[in-house]
Amino acid sequence: MSDYQFADIENKWRTFWAENGTNKVVEDTTKPKYYVLDMFPYPSGAGLHVGHPLGYIASDVYARYKKLLGYNVLHPMGYDSFGLPAEQYAIQTGQHPRLTTENNIKRYRDQLDQMGFSFDWSREVRTSSPEYYKWTQWIFIQLFESWYNRKSQKAEPIATLVAAFEQSGNEGIDAESDFDQIFDAADWNSMTYEEQERVLQDYRLAYIADSWVNWCPALGTVLANDEMVNGVSERGGHPVEQKLMRQWSMRIKAYAERLITGLDQLDWSDAIKDIQRNWIGKSQGAMVKFQIENHTDCIEVFTTRPDTIFGVSFMVLAPEHPLVNQITTSTYQQEVEAYQKKAALKTERDRQADVKNISGQFTGAFAIHPFSGEKIQIWIGDYVLASYGTGAVMAVPCGDQRDWDFAKHFNLAIKNIFQDQDVSEGAYAEKDAILTDSDFLNGLSYQEASKLIIAQLEAQNLGKGKINYRLRDAIFSRQRYWGEPFPVYYQNGIPKMIDEQHLPIILPEVENYLPTADGEPPLGNAQQWAWDTTQNKVVSNQEINGTTIFPLELNTMPGWAGSSWYFLRYMDAQNNQEFASAEKMNYWKNVDLYIGGSEHGTGHLLYARFWTKFLFDRNFIQFDEPFQKMINQGMILGRSSFVYRIKDTQQFVSASMKNQYETLPLHVDISLVDNDKLDMDGFKKWRSDFANATFICEEDGTYLCGHEVEKMSKSKFNVQTPDELVAKFGADTLRMYEMFLGPVEQSKPWDTKGINGVHNFLRKVWRLFYAQDGSWRVTEDAPSKESLKTLHKTIKKTTEDLDRFSLNTCVSNYMICVNELTEQGCHSKSILQDFIVLLSPYAPHICEELWEKLGYEKGTASFQKFPAFNPEYLVESNYDYPVSINGKMRLKVNLPLTMNPKEIEEFILSYPDAQKWIDGQTPKKMIIVPGKIINIVL
RNA sequence: GCGGAUGUGGUGAAAUUGGUAGACACGCUAGACUUAGGAUCUAGUGCCGAGAGGUGUGCGGGUUCGAGUCCCUCCAUCCGCACCA
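Summary of the structure given here. From a predicted model like this one, the values you see are computed outputs, not experimental measurements.

**Details of the overall build of chain A**
At step 1: For chain A, the count of helices and strands is 29 helices and 36 strands.
At step 2: Here the C-alpha coordinates of chain A stretch approximately 100 × 85 × 75 Å along the principal axes.
At step 3: When the 938 residues of chain A are sorted by exposure, 53% land in the buried category.
At step 4: Put simply, chain A has 95 plus and 124 minus side-chain charges, and the middle of one group is 4 Å from the middle of the other.

Written out as structure tokens, the structure is:
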């Protein structure tokens, strides 16, 4: 073989690896484990573009590196294969989503295979396969059968709660719950089954309830908060409205505190941790009760500034607040109702956009200040959200800008309770002022006053210290077809779980994927969708009798259900007894390294942590965080090319002259452009309307295109698929090039310009083994000192770089190494074989080939030991000292490293080249760091 | 508005602990070779300058013998959150 025949080599090894199970991994307690995971891909119809594999390459490089270090590495891949796009496609074409999904997966698999990834495909999972979603349904049942005990700070079986209710009611229970009444054992035991179940729903971690949901009419489904961006759906940008619907929810709020504190132990970027903290939105403060004048009810408010209670000059309730109608006096009834109507008409989006417009309405009612006894006006205003806190605020205009604005607008009092602060122009929101005009809080700081006032509130039963979270319970129902069916049927309207042993409940066939005529979700179209409790199977809807055969749930689960636990299934993907065996999960434990985009910060990453903590609480797993370390790869952007058409003509002008004409830039397919030079013939053939195009070219006769960095998309003709590049340069080149582009975490434009350089590098590697005439060059000669130095320098750098995920500089090291070895004429087997092992994580195909050629057993390159670094080879006797004058590097002197600073100083002061700079002056100071630098200060 | 990240040649970038700014690669320039190729080799390539030299890491300050790196102020771009009481 005379030249580097990458296509043959890569084909050969792909086949070999697949046939010999090279990447299969089994549990092995004699080795330390390491779990490297890529974020679950959704197999879209468009296939992979070069941006997708970036993370997979990074994880594959790292997984192969860890394997060489002696770890037993779990590196699996699978598909998050339920989801909206397949269903939307089904609605349009009538094709079953299962078929399109399967086709897409095939395409993904082909593309992944050609990249040479070391995935253990025997562990592949698909969320849409019944073998998998059987266990998603099973976990749902466990959540349904659990409640959150705040005393033990963990989830417990619902049976323990029922037992407690039977014993002594709910008074001694501290649970995460929406149930706010007190009952005793007698009350509980006298309730009917339905009544008891309704109570329990308020405690279960998976529960059904009427909730205000984000309803997206265009998609025909509800959306979770994280599936919305700026009031419209994340997918498609459709409008979203608030709607009260009976929905399944997950009581993720129970875990709010643990989801925050758990972040401290994780090796994630600050950006992602902040996004999660922000989303959970913890705020510390107090609940305060305000008595309403001439009324038995109280208004409860949540405030983070209980210290400012003497600055309260009015109260504001959300227009939807349940007390509004009761307290409004007849004088104001009309105005209040009008305002409520107006507020209700506004969409969430309008309310957000309308921040500047202050609006509100006095109710005519007054509250009594709990300490001063003063009368305080009660207003309603839409700047107070019904869904946060208690839906009511105590307004302290001197300390809160929104309250201040409201007070100014309606001419309400602004009482100043901050010493030496001016609040005439705006509120003073800092927490560093000393209180004044605040009765027993006078002279105190925020810290001291808050503590004291909370103690007083609690002593007088007027309120209590309280921590509030912004995080909402997660809506778990979707009105879609292509998702996991719930293992739930309804008996007299009460949801009941189907027994575990009858799972999975298989997604039924339907005639069409749209909602039914009477607005039921698509599963309402199914003919066979009823549960027979005697036969324990799904039967025809015709048979529903209300005694033994009942209707099944028509909603399906959201996309995040399957992806919240998939990393566990990889540990034991074929298990049909359990979701994964305890033994295997105890071996693999949680993911050591998770690579994926940062766009899942508030969705998948939060839900997966929630489910992990839940499974941990219930003793199903032994760890309570799923992903120990995470790296968020940057997005690869497209580099679009443009041609410039002169207005109203078919004449195109080259980029450098485009300003001399009135032009319209047009996207041109990047496959027609090389190095900004346009293939003019190809362009004419590209689209019929360009067939008669003429060009105004550069002097050398080429047409230069302009360019811009944009997201990769079909419409911009800037999509680069890995397929073409693999065909042209090989997978090893593409793998190395994607890493070479820059730090994994950074977003960067895709540009194939540099790929030749990386390809040439691999050819140079080949040339170390084979001469141009095809003869084998490797010798048994003892390596030279220089070559050993080059090799060990590279081992050291490679280790350091891989350990800190500097995957781009690592490629540079290899290049420097090969450049040096080439220059040295090194063909020593002992050097080259170590180098091959070093390089193999990046370029596995060529390394396997050369490894075999070196005479080793076929296909064993990835089972080698990472070469040991020997510092002895790097020991130097001399060092090229940079000599700075006043901190500026001026010259270099080569001196033995044995010289001490005094000897160096003497030498340098008499050194002719240095004297030119010293110019007869006496140095004020000499800084001499042996082995580093000499600095002469004049 | 709040929080986070990023600003270095024509381009992608490197500089790990404060110690030679621009490694490595692309591109470009000049040359060699040649069965004209998207090949290979040699030399050069931050900017200004003929040169000596000057200057240079978003702007402006500071600490230091020495700052891309540490501190302060400001600017730009990107991302997240946003009437959250």
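**A closer look at the sheet that holds strand 9 (residues 241–250)**
At step 1: The strand order across the open sheet formed by 4 strands is 6-5-9-17, and the pairing between neighbours is antiparallel. The sheet is open, and its two edges are formed by strand 6 (221–223) and strand 17 (474–475), each paired on a single side.
At step 2: Looking at chain direction, strand 5 (residues 206–216) and strand 6 are connected through 3 bridges and run antiparallel. Its bridge partner lying in strand 6, Trp215 is registered against Val222.
At step 3: Those strands touched by helix 5 (residues 130–144) are strand 5 and strand 9, and its axis lies near 95° from that of strand 9.

**What to know about the environment of Gln401**
At step 1: Here Gln401 lies in helix 14 (residues 401–410).
At step 2: Take Gln401: its relative accessible area is 35%, and that puts it in the partly exposed class.
At step 3: Taking the C-alpha atoms as reference points, Gln401 and Tyr62, 339 residues apart in sequence, are found 51 Å from one another.
At step 4: Ignoring anything within four residues of it in the chain, the contact list for Gln401 reads Gly426 and Ala427.

**A look at empty space enclosed by the protein**
At step 1: Taken as a whole and assessed by the stated rule, the structure comprises 1 cavity of 30 Å³ or more.
At step 2: For the largest cavity, the calculated volume is near 60 Å³.
At step 3: What lines the largest cavity is Trp17, Arg64, Leu68, Ser840, Pro841, Pro844, Glu848, Ala861 and Ser862.
At step 4: For the lining of the largest cavity, the secondary-structure elements that each account for two or more residues are helix 2 (53–68) and helix 27 (844–853).
At step 5: Class assignment of the residues belonging to the lining of the largest cavity gives a composition of 5 nonpolar, 2 polar and 2 charged.

**A few points about helix 23 (residues 755–769)**
At step 1: Between its first and last C-alpha, helix 23 extends 22 Å over 15 residues, near the 21 Å set by a 1.5 Å rise per residue.
At step 2: Within the sequence span of helix 23, burial applies to Ile755, Val758, His759, Phe761, Leu762, Val765, Trp766, Leu768 and Phe769. Taken down its axis, helix 23 places every buried residue within 165° of arc, on the same side.

**Thoughts on the nonpolar core**
At step 1: Of all hydrophobic cores here, the largest spans 91 residues; its most connected members are Phe140, Trp248, Met250, Phe476, Leu568 and Trp611.
At step 2: One finds Val61, Trp121, Phe805 and Val811 within the second-largest nonpolar core, a separate group that totals 84 residues.

**Overview of the layout of surface pockets**
At step 1: Volume-wise, the second largest pocket comes out at about 370 Å³.
At step 2: Mapped by element, the contributors of at least two residues to the lining of the second largest pocket are helix 2 and strand 2 (72–74).
At step 3: The dominant element in the lining of the second largest pocket, judged by the number of residues it contributes, is helix 2, at 4 residues.
At step 4: Classifying every residue of the lining of the second largest pocket gives 7 nonpolar, 8 polar and 7 charged.

**Some points on the protein's contact with RNA strand B**
At step 1: Around RNA strand B lies a shell of 54 residues, among which Thr304, Arg402, Leu741, Lys797 and Asn935 are the nearest.
At step 2: Counting only the atoms of RNA strand B that lie within 4 Å of the protein, the sugar and phosphate share comes to 59%.
At step 3: For RNA strand B, a base nitrogen lies 2.8 Å from a polar atom in the backbone of Tyr388.
At step 4: Here a phosphate oxygen of RNA strand B and a side-chain polar atom of Gln746 are 3.4 Å apart.
At step 5: Residue composition of the surface near RNA strand B, grouped by class: 21 nonpolar, 15 polar and 18 charged.

**Quick word on the environment of Asp382**
At step 1: As for its position among the elements, Asp382 is in the loop between strand 14 (375–380) and strand 15 (392–395).
At step 2: Distance in space between the C-alpha atoms of Asp382 and Ile280 is 23 Å, their sequence separation being 102 residues.

**Some points on the pattern of salt bridges**
Pairs can form between side chains of opposite charge whenever their charged atoms are close.
At step 1: One pass over the structure, following the stated rule, counts 39 salt bridges.
At step 2: Here Glu257 ties to Lys282 by a salt bridge, and the two come within 3.0 Å at their closest N and O atoms. Pair noted here: Glu257 is in helix 9 (residues 256–261) and Lys282 is in strand 10 (residues 282–292), with a separation of 25 residues, a long-range link.
At step 3: Residue Glu257 is classed as partly exposed on the basis of its relative accessible area of 25%.
At step 4: In this structure, the salt-bridge partner of Lys613 is Asp624, at a minimum N-O distance of 3.4 Å. Residue Lys613 is found in helix 19 (residues 604–617), and its partner Asp624 is found in the loop between helix 19 and strand 24 (627–632); the two are separated by 11 residues along the sequence.
At step 5: When salt bridges that share partners are traced, they join Lys12, Glu849, Glu852 and Lys853 into one network.

**Focus on the packing of helix 25 (residues 807–824) against helix 26 (residues 829–839)**
At step 1: Packing of helix 25 against helix 26 brings their axes to within 12 Å, and their N-to-C directions diverge by 165°. Classified by the angle between their axes, helix 25 and helix 26 sit roughly antiparallel to one another. Judged by the twist between their axes, the crossing of helix 25 over helix 26 is left-handed. Residues Tyr814, Cys817, Val818 and Leu821 of helix 25 form the contact with helix 26, whose own contacting residues are Ile831, Leu832, Phe835, Leu838 and Leu839.
At step 2: Partitioning the contact of helix 25 with helix 26 into residue classes produces 9 nonpolar, no polar and no charged.

**Section: a positive patch on the surface**
At step 1: Side chains of Lys253, Lys464, Lys466, Arg470 and Arg472 sit close together on the surface and give a patch of like positive charge.
At step 2: With respect to the helices and strands, the residue Arg472 is situated in the loop between strand 16 (463–469) and strand 17.
At step 3: Overall, the relative accessible area of 30% leaves Arg472 in the partly exposed class.

**Description of the sheet that holds strand 33 (residues 878–885)**
Strand pairing within a sheet occurs via backbone hydrogen bonds; the two strands may be parallel or antiparallel.
At step 1: If you walk across this open sheet you meet the 4 strands as 34-33-36-35, and the pairing is mixed. Each edge of the sheet is formed by a strand with only one pairing partner; in this case those strands are strand 34 (888–896) and strand 35 (925–929). Adjacent strand axes in the sheet meet at a mean angle of 20°, parallel and antiparallel pairs treated alike.
At step 2: Relative to strand 36 (residues 933–937), strand 33 runs parallel, the two being bridged by 3 bridges. Each residue of the ladder has a partner; that of Ile885, found in strand 36, is Ile936.
At step 3: Helix-sheet contacts for helix 28 (residues 901–910) involve strand 33, strand 34, strand 35 and strand 36, and the interaxial angle to strand 35 is about 125°.

**Brief notes about the packing of aromatic side chains**
At step 1: This model, assessed by the stated rule, comprises 76 aromatic pairs.
At step 2: Arranged with centres 4.7 Å apart and planes meeting at 75°, the rings of Tyr587 and Trp588 form a pair that is edge-to-face. Residues Tyr587 and Trp588 agree in their burial class; the two are buried.
At step 3: Every member of this aromatic cluster is reached through a ring pair, and the members are Phe140, Phe144, Trp248, Phe476, Phe486, Trp560, Tyr607 and Trp611.
At step 4: Over the face of the ring belonging to Phe863 we find Lys67, whose NZ or CZ atom lies 4.2 Å from the ring centre.

**Some details on the pairing of strand 34**
At step 1: In terms of strand pairing, strand 33 meets strand 34 through 8 bridges, oriented antiparallel. Within strand 34, the position partnered with Pro882 by the bridge is Lys892.
At step 2: Hairpin connection, strand 33 to strand 34: the antiparallel pair is bridged by 2 residues, and Asn886 has positive phi, about 55°.

**Description of unusual backbone geometry**
At step 1: Put simply, Leu503 and Pro504 share a cis peptide bond, and its omega is 0°.
At step 2: At Lys589, a position not held by glycine, the phi torsion is positive, near 50°.
At step 3: Residue placement: Lys589 occurs in the loop between helix 18 (582–588) and strand 23 (591–596).
At step 4: Taking relative accessible area as the criterion, Lys589 reaches 38% and is therefore assigned partly exposed.

**Considering the side chain of Thr556**
At step 1: Tracing the chain through its elements places Thr556 in the loop between strand 22 (549–551) and helix 16 (559–563).
At step 2: One polar contact links the side chain of Thr556 to the main-chain carbonyl oxygen of Arg480, over a distance of 2.9 Å.
At step 3: Filtering out sequence-adjacent residues up to four positions away, Thr556 remains in contact with Phe476, Ser477, Arg478, Arg480, Tyr481, Gly483, Glu484, Pro485, Phe486, Leu507 and Leu523.

What counts, and at which threshold
- Residues numbered from 1 in each chain as written.
- Chains lettered and ligands numbered in written order.
- Predicted model: local features only at pLDDT ≥ 70, side-chain atom pairs only at ≥ 80, totals over all residues.
- Heavy atoms only, no water.
- Helix = DSSP H or I, 4+ residues; strand = E, 2+ residues; numbered from the N terminus.
- Buried < 20%, exposed > 50% of the residue type's maximum accessible area, 1.4 Å probe, protein only.
- Lys, Arg positive; Asp, Glu negative; His and termini not counted.
- Charge placed at Lys NZ, Arg CZ, Asp CG, Glu CD.
- Pairing = 2+ DSSP bridges.
- Contact = heavy atoms within 4.5 Å.
- Axes fitted to C-alpha atoms, helices over the stretch in contact; angles between N-to-C directions.
- 1 Å grid on protein atoms, 1.4 Å probe; cavity = no way out; pocket = protein on both sides within 12 Å on 5 of 7 lines; lining within 4 Å.
- Points joined across faces, edges and corners; volume = space filled by probe spheres on them.
- Nonpolar A, V, L, I, M, F, W, Y, C, P; charged D, E, K, R; others polar.
- Expected span 1.5 Å × (residues − 1).
- Arc of directions from axis to C-beta.
- Core = buried A, V, L, I, M, F, W, Y, C linked by side-chain atoms within 4.5 Å.
- Near = heavy atom within 4 Å.
- Polar contact = N/O pair within 3.5 Å; in protein donor to acceptor, adjacent residues only side chain to side chain.
- Salt bridge = Lys/Arg side-chain N within 4 Å of Asp/Glu carboxyl O.
- Parallel < 35°, antiparallel > 145°, perpendicular 65-115°, else oblique.
- Left-handed = near helix turned anticlockwise from the far one by under 90°.
- Patch = residues over 30% accessible without salt bridge, like charges linked within 9 Å, V, L, I, M, F, W, Y side chains within 5 Å.
- Areas by Shrake-Rupley, 256 points an atom, 1.4 Å probe, with all protein chains shown as cover.
- Phe/Tyr/Trp six-rings, centres within 6.5 Å; stacked < 30°, edge-to-face > 60°.
- Lys NZ or Arg CZ within 6 Å of the ring centre and 35° of its normal.

By themselves, these are just geometric observations and shouldn't be taken as functional.
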